[in-house]
Amino acid sequence: MRSAKRKLAVAALAGVAALWGCASTGGGGGMAVKSSSGIPLGATGPHAVQPLPDKPRFGKPVSEADLAAWNIDIRTPDGLGLPAGRGSVAEGKKIYEAKCIACHGAEGKGGSVYGTMVGGIGSFKGSPRVLTPGSMYPYAPILFDYIRRSMPMDRPQTLTANEVYAVSAYLLNLNGLVPANAVMDAQSLAKVQMPNRDGFLIDDRPDSKAVRCMTDCK
Amino acid sequence: MAERKHDPVAHSRRNFLRKTAALTGGALAAGGAARAAPLPIQSVSQEPGRVIEETAYGLPSKFEAHVKRRRTDVFKNRQNWSDWSMTPLQHQPGIITPNGLIFERHHAGTPDIDPKTHRLVIHGMVKQPLEFSMENLVRYPSVSRFHFHECSGNGLTDWLKPASSTVQQTHGLLSGVLWTGVPASTLMEEAGIDPRGKWVLFEGADSSAHARSIPIEKVLDDTIIAYAMNGEALRPENGYPVRVVIPGWEGNVSVKWLRRIKVGDQPWHLRSETARYTDPMPEGKWRQFSMVMECKSVITSPSGGQNLRGPGFYEVTGLAWSGAGKVRAVDVSFDGGKNWREAKLEEPIMDKCLTRFKVGWNWNGSPAVLMSRAVDSTGYVQPTVQDLTKTRAIVGFVQHHNAVQPWTVNAKGEVRNAIGQA
């Protein structure tokens, strides 16, 4: 917070004579400026922010318990946030056939609206790359997070934790990543090793070296 | 009389008939005069126009009805909830996109959210989780800033060969907006960020619950919790009643219909930042957290699908922008990139904002290949597709296409997309 306070103070001093609103000079910046996690930030401050002499505070305190129904994110590399509950491949198949098959087709092979959710493992070095949860997701808890927040498309955020575990188990099984008798819960889901776990590189742009040639180029 | 005035259809039909009669009469009477066609008094000059309505929301002229957002005509989605529509850049002068023409990208359609019941919360690694009503959000000291807004997928159908015919289809996932809202840092500071907090999750209230992890440095730098755009409340399709705006970064991180902000010490690695919104790289790899939209430009006039009306003067104009700073210069080539001329940049030139460039051109009637190339304040020069293929894998739906866009003009004056060809 110290840096945020300093930023506000600097902005308050600089901002008095500045035009409110219009992005300011942009200060330093470019792709070389990175977050503590190494993510390129692009241009950074200082930015004109109105000074807050009296620090208005209009937020109403709430408890984490009050937010339980909204608190649906899973930190997928380690599964932090996965709830209690469990579901089997067999249970998942039943739920899938009732609630998912209309768009995604039998056994996740693609249906009236969406393409396949099965296969593609090993396809990324060729073309086309076949993107499925099995081939693409680096961490298995992404299945739980995404199914719970967004699926089924006509009634998202209505499945129980057991149902979400079960559908996750079924899709992992269809992709050959867990056996047919697998049961997924907070512990077992986070332990499933996904083939694309090491498939990602952090943003390393700029990755082009174009030059500003003006005459007789190429 | 009163009835006539309130019947715009009858009114215009009558005007049309009069206009026709006047034009015919004028033509007949023109022989031998100094002017071949004396200008008649237009009928609109001879009768009152429409009355001022008691209350109204103004709409464009009926003669501008062709200026519309359009869904992609290249890639046909089999449903239209998770889909996109594009801004008609060929019809946009200046650097601001009217609210009704700002591009759309939703993952589960547009919700209609009642601001009276909407709540935004901040929680996770904070001293005190907080809840904000819209009534309270608008009481904070506000900022208004001009920024470009561009989808990471802008141009994804047109890398190695032309698929789109117009600039609306090649570049229309782009808009220029004046955003108004509360600096995210104001609300974050009120909640009190745990020093271990390094990443911030933004999540929507729509039924996709779209969410993204953002480094806290960017959130505290220039991120806005926005409730207004271009002088009015956000449009429903752009996040009403409140969204986050993360300037200069790919559009989808600016989560719409914002309901939740959570502070954590690591990124979440959600589907939206692993299986989607990542870039294919050689050796089967994927580039992740590539969120800055790098420097780019495009000529909007003349552009694909337009026709030049014979040799003569044309103002060649377009847009340039950079998520890494300001636009420093734009060069335009008329011979497919062999020779370039520096275009004039029109003020204002703002950080992470659309910048308008213009250059005069006397077309001699011969085939030409027009292209623009922008340079930003970091010195980065907009690459060609060839440049990008040296480091990236162009396979499937490739994001972050900021390459030079060529348009060919043939001897008939027809302008065509020539991506990958010139």
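Everything quoted here is computed from the prediction, not taken from an experiment.

Criteria and thresholds
- Residues numbered from 1 in each chain as written.
- Chains lettered and ligands numbered in written order.
- Predicted model: local features only at pLDDT ≥ 70, side-chain atom pairs only at ≥ 80, totals over all residues.
- Helix = DSSP H or I, 4+ residues; strand = E, 2+ residues; numbered from the N terminus.
- Contact = placed C-beta atoms within 7 Å.
- Axes fitted to C-alpha atoms, helices over the stretch in contact; angles between N-to-C directions.
- Parallel < 35°, antiparallel > 145°, perpendicular 65-115°, else oblique.
- Nonpolar A, V, L, I, M, F, W, Y, C, P; charged D, E, K, R; others polar.
- pLDDT = per-residue confidence, 0-100.
- Pairing = 2+ DSSP bridges.
- Buried ≥ 20, exposed ≤ 12 C-beta atoms within 10 Å, placed from the backbone.
- Left-handed = near helix turned anticlockwise from the far one by under 90°.
- Arc of directions from axis to C-beta.
- Expected span 1.5 Å × (residues − 1).

Observations concerning the overall build of chain B
Secondary structure assignment for chain B yields 7 helices and 24 strands. Across chain B, contacts joining residues at least 24 apart in sequence account for 70% of those joining residues at least 6 apart.

Topic: the packing of helix 2 (residues 89-99) of chain A against helix 6 (residues 161-174) of chain A
Residues and elements named next belong to chain A. It is at 7 Å that the axes of helix 2 and helix 6 come closest, and there the two elements cross at 100°. The orientation of helix 2 with respect to helix 6, classified from their angle, is roughly perpendicular. Of helix 6, the residues touching helix 2 (which contributes Val-89, Glu-91, Gly-92, Lys-93, Ile-95 and Tyr-96) are Glu-163, Ala-166, Val-167, Ala-169, Tyr-170 and Asn-173. Here the contact of helix 2 with helix 6 is built from residues that sort into 7 nonpolar, 2 polar and 3 charged.

What about the confidence of the model for chain A?
Regions with low pLDDT should not have their predicted coordinates read in detail. The pLDDT averaged across chain A works out to 87; a share of 82% of its residues lies at or above 70. Per-residue pLDDT stays below 50 along residues 1-27 of chain A; that stretch engages in 58 contacts with residues further than four places along the chain or on separate chains.

Details of the sheet that holds strand 18 (residues 327-333) of chain B
Residue and element names in this part refer to chain B. Pairing is antiparallel across the open sheet formed by 5 strands, whose spatial order is 19-18-22-23-24. Each edge of the open sheet is held by one strand with a lone partner, namely strand 19 (341-342) and strand 24 (415-417). Where strand 23 (residues 407-409) meets strand 24, 3 bridges bridge the pair, whose relative direction is antiparallel. Across the sheet, Thr-408 pairs through a bridge with Arg-416, a residue of strand 24.

So, unusual backbone geometry
All names here are of chain B. Along the chain, Ser-301 connects to Pro-302 via a cis peptide bond; the corresponding omega equals 0°. Following Glu-347, the chain continues to Pro-348 via a peptide bond in cis, the omega torsion being -5°. The phi angle at Ala-209 is positive, at roughly 45°, despite the residue not being glycine. Inspection of the secondary structure assignment puts Ala-209 in the loop between strand 8 (199-204) and strand 9 (211-215). Of note in the backbone geometry, Tyr-277 takes a positive phi value of approximately 60° without being a glycine. As for its placement among the helices and strands, Tyr-277 is situated in the loop between strand 13 (258-264) and strand 14 (279-281). The class for Tyr-277 is buried, based on 23 C-beta atoms found within 10 Å.

A word on the pairing of strand 9 of chain B
Residue and element names in this part refer to chain B. For strand 9, the buried fraction is high: 5 of the 5 residues fall into the buried class. Of the two faces of strand 9, the one carrying Ala-211, Ser-213 and Pro-215 and the one carrying Arg-212 and Ile-214 are both buried. Hairpin connection, strand 8 to strand 9: the antiparallel pair is bridged by 6 residues, and Ala-209 has positive phi, about 45°.

Quick word on the sheet that holds strand 14 of chain B
Taken in spatial order, the 3 strands line up as 4(A)-15(B)-14(B) in an open sheet, and their pairing is mixed. The sheet terminates laterally at strand 4 (200-202) of chain A together with strand 14 of chain B, the two strands that pair on one side only. The sheet shows a mean angle of 40° between the axes of neighbouring strands, direction not considered. One ladder, built from 3 bridges, connects strand 14 of chain B with strand 15 (residues 285-288) of chain B; its direction is antiparallel. By the bridge assignment for strand 15 of chain B, Met-281 of chain B is matched with Lys-285 of chain B.

Side note on the packing of helix 5 (residues 141-150) of chain A against helix 6 of chain A
All names here are of chain A. Helix 6 packs onto helix 5 with a crossing angle of 125° between their chain directions and a minimal axis gap of 9 Å. Between helix 5 and helix 6, the interaxial angle falls into the category oblique. The handedness of the crossing between helix 5 and helix 6 is right-handed. Contacts from Leu-143, Phe-144, Ile-147 and Arg-148 in helix 5 reach Val-164, Tyr-165, Val-167, Ser-168, Leu-171 and Leu-172 in helix 6. Taken together, the residues that form the contact of helix 5 with helix 6 break down as 8 nonpolar, 1 polar and 1 charged.

Some thoughts on the interface of chain B and chain A
The partner chain A presents 80 residues to the 96 residues of chain B that form the contact. Residue contributions to the side of chain B that touches chain A peak at 7 residues, all from helix 5 (residues 184-191) of chain B. In terms of residue class, the side of chain B that touches chain A is built from 39 nonpolar, 30 polar and 27 charged. The pairing of strand 1 (residues 60-61) of chain A with strand 5 (residues 130-133) of chain B spans 2 bridges and is antiparallel.

Regarding helix 2 of chain A
Residues and elements named next belong to chain A. When we look at burial in helix 2, the residues that qualify are Val-89, Gly-92, Ile-95 and Tyr-96. Along the axis of helix 2, the buried positions cluster into a sector of 120°, meaning they face one direction only. In the core, the buried residues of helix 2 are packed alongside strand 2 (87-88), helix 3 (101-104) and helix 6.

Notes on the confidence of the model for chain B
For chain B, per-residue confidence averages 92 on the pLDDT scale, and 91% of positions sit at 70 or higher. The low-confidence segment residues 1-32 of chain B (pLDDT under 50) makes 18 contacts with residues lying over four places distant or belonging to another chain.

Considering the environment of Arg-287 of chain B
Within the fold, Arg-287 of chain B resides in strand 15. Taking the C-alpha atoms as reference points, Arg-287 of chain B and Tyr-277 of chain B, 10 residues apart in sequence, are found 9.1 Å from one another. Apart from residues no more than four positions distant in its own chain, Arg-287 of chain B is found in contact with Leu-201 and Asp-203 of chain A together with Thr-278, Asp-279 and Met-281 of chain B.

What about the environment of Val-375 of chain B?
As for its placement among the helices and strands, Val-375 of chain B is situated in strand 22 (residues 368-376). Separated by 48 residues in sequence, Val-375 of chain B and Val-327 of chain B have C-alpha atoms that sit 6.1 Å apart. Beyond its immediate stretch of four places on either side in the chain, Val-375 of chain B contacts Arg-212 of chain A together with Arg-328, Ala-329, Tyr-380 and Val-381 of chain B.

Here we look at helix 6 of chain A
Residues and elements named next belong to chain A. With 14 residues, helix 6 extends 20 Å between its outermost C-alpha atoms, agreeing within 8% with the 20 Å of an ideal straight helix rising 1.5 Å per residue. Counting buried residues along helix 6, 12 of its 14 residues qualify, which places the element largely inside the surrounding structure. Those residues of helix 6 that fall on the buried side of the exposure criterion are Glu-163, Val-164, Tyr-165, Ala-166, Val-167, Ser-168, Ala-169, Tyr-170, Leu-171, Leu-172, Asn-173 and Leu-174. Downstream of helix 6 by a residue or two, Gly-176 has a phi angle that is positive, lying close to 75°.

As for the pairing of strand 22 of chain B
Residues and elements named next belong to chain B. For strand 22, the tally of buried residues reaches 8 of 9 residues, placing the bulk of the element in the interior. Alignment of strand 18 against strand 22, held across 6 bridges, turns out to be antiparallel. Paired with Asp-331 across the bridge in strand 22 is Arg-373.

As for the environment of Ala-320 of chain B
Residues and elements named next belong to chain B. The topology assignment puts Ala-320 in strand 17 (residues 312-321). Residue classification places Ala-320 among the buried positions, given that 29 C-beta atoms sit within 10 Å. Put simply, Ala-320 and Val-298 are 22 residues apart on the chain and 6.6 Å apart in space, counted from C-alpha to C-alpha. Non-local contacts of Ala-320, meaning those with residues more than four positions away in its chain, are made with Ser-297, Val-327, Val-330, Thr-355, Phe-357 and Ala-374.

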